[in-house]
Amino acid sequence: TITGEIKDEDGNPLIGANVVLKGTNKGALTDVSGKFSIGGVAQGKYTLVVSFVGYKTVTQEVDVNSATVSV
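Note that the structure is a prediction, hence the values are computed from the model and not measured.

### A look at the confidence of the model for the chain
Thought 1: Summing up the model confidence of the chain, the mean pLDDT is 83 and the portion of residues at 70 or higher is 83%.
Thought 2: Within the chain, strand β3 (residues 27-29) carries the highest mean pLDDT (96), whereas strand β7 (residues 68-70) carries the lowest (55).

In structure tokens form, the structure reads like this:
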């Protein structure tokens, strides 16, 4: 499982940001605290693609070993 938190540059949570594992159909939307969880992910290296209307799309590579990510 990959869990994480998406915040803007001021540290405020981004509600409803789209977080997707690049090249898969696995993803999640952030909740009111900016948190997300993507389950059913095998160990390995993945690229997270985070998008939110009005913001630049961000990509970040993560190693999945019950990863926790902050973007």
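### Notes on the pattern of salt bridges
Thought 1: One pass over the full model with this rule turns up 1 salt bridge.
Thought 2: For K7, the salt bridge identified is with E5, shortest N-O distance 3.7 Å.
Thought 3: We classify E5 as partly exposed; its relative accessible area is 23%.

### Looking at the side chain of D8
Thought 1: You can see D8 is positioned in the loop between β1 (2-5) and β2 (18-21).
Thought 2: There is no salt bridge for the buried D8, and the closest opposite charge comes from K7, which lies 8.6 Å off by N-O distance.
Thought 3: Among all residues touching D8, those that are not within four sequence positions of it are L14 and Y55.

Conventions and cut-offs
Residues numbered from 1 in each chain as written. Predicted model: local features only at pLDDT ≥ 70, side-chain atom pairs only at ≥ 80, totals over all residues. Heavy atoms only, no water. pLDDT = per-residue confidence, 0-100. Helix = DSSP H or I, 4+ residues; strand = E, 2+ residues; numbered from the N terminus. Salt bridge = Lys/Arg side-chain N within 4 Å of Asp/Glu carboxyl O. Buried < 20%, exposed > 50% of the residue type's maximum accessible area, 1.4 Å probe, protein only. Lys, Arg positive; Asp, Glu negative; His and termini not counted. Contact = heavy atoms within 4.5 Å.

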